[in-house]
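Survey of secondary and tertiary structure
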Amino acid sequence: MVLQEHQALQVLQVHQVHQGLQVHLVKMVDQELRVHQVHMDHQVLQVHQELQVHQELQVQQAHLVAQVHLVTQVLNQQQKL
């Protein structure tokens, strides 16, 4: 009877250790996922900022093209005079 109780206790202890390991693993995986999510958020933010810069550059380029066009027209007018 004592032997059976001892075995039952051992089985319980093994089960508890196993559960503890599972909880630890879940916590580790959760931590990894959080780190990954932060990294992904950072990448999304970077891409968003790069797109904004790209759009601003396109606007500036369009503005410069318009200025060059105006200057060209003025020069052409002056040449005709």
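What this report covers is the structure whose coordinates are included nearby. (Residues numbered from 1 in each chain as written. Predicted model: local features only at pLDDT ≥ 70, side-chain atom pairs only at ≥ 80, totals over all residues. Heavy atoms only, no water.)

1. Concerning the overall build of the protein chain
Formally: Helix and strand definitions follow DSSP, with helices as H or I runs of at least four residues and strands as E runs of at least two, each counted in order from the N terminus. Each residue gets one of three labels from its accessible area relative to the maximum for its type: buried under 20%, exposed over 50%, partly exposed in between, using a 1.4 Å probe on protein chains only. Surface accessibility in these figures is a Shrake-Rupley result with a 1.4 Å probe; residues are shielded only by whichever protein chains are displayed.
Across its full length, the protein chain holds one helix and zero strands. For the protein chain, with 81 residues in total, the buried portion stands at 0%. Only carbon and sulfur atoms are counted for the fraction: they give 64% of the accessible area of the protein chain, which is about 8,100 Å².

2. Observations concerning the pattern of salt bridges
Filter applied, for reference: By convention in these notes, a salt bridge is any Lys or Arg side-chain nitrogen within 4 Å of a carboxyl oxygen on Asp or Glu.
Inspection of every chain in the model, using the stated rule, returns one salt bridge. Between R34 and D30 there is a salt bridge, and its shortest N-O distance comes to 2.8 Å. With R34 and D30 both in helix 1 (residues 2–80) and four residues apart, the pair spans about one turn of that helix. R34 sits in the exposed class, given a relative accessible area of 53%. D30 gets classed as partly exposed once you look at its relative accessible area, which sits at 34%.

3. Digging into the environment of Q16
Relative to the helices and strands, Q16 resides in helix 1. Sequence separation between Q16 and L33 is 17 residues, and the spatial gap between their C-alpha atoms is 26 Å.

4. With respect to the environment of V74
Along the chain, the position of V74 falls in helix 1. Given a relative accessible area of 46%, V74 falls into the partly exposed group. Through-space distance from the C-alpha of V74 to that of Q10 is 95 Å; in sequence the pair is 64 residues apart.

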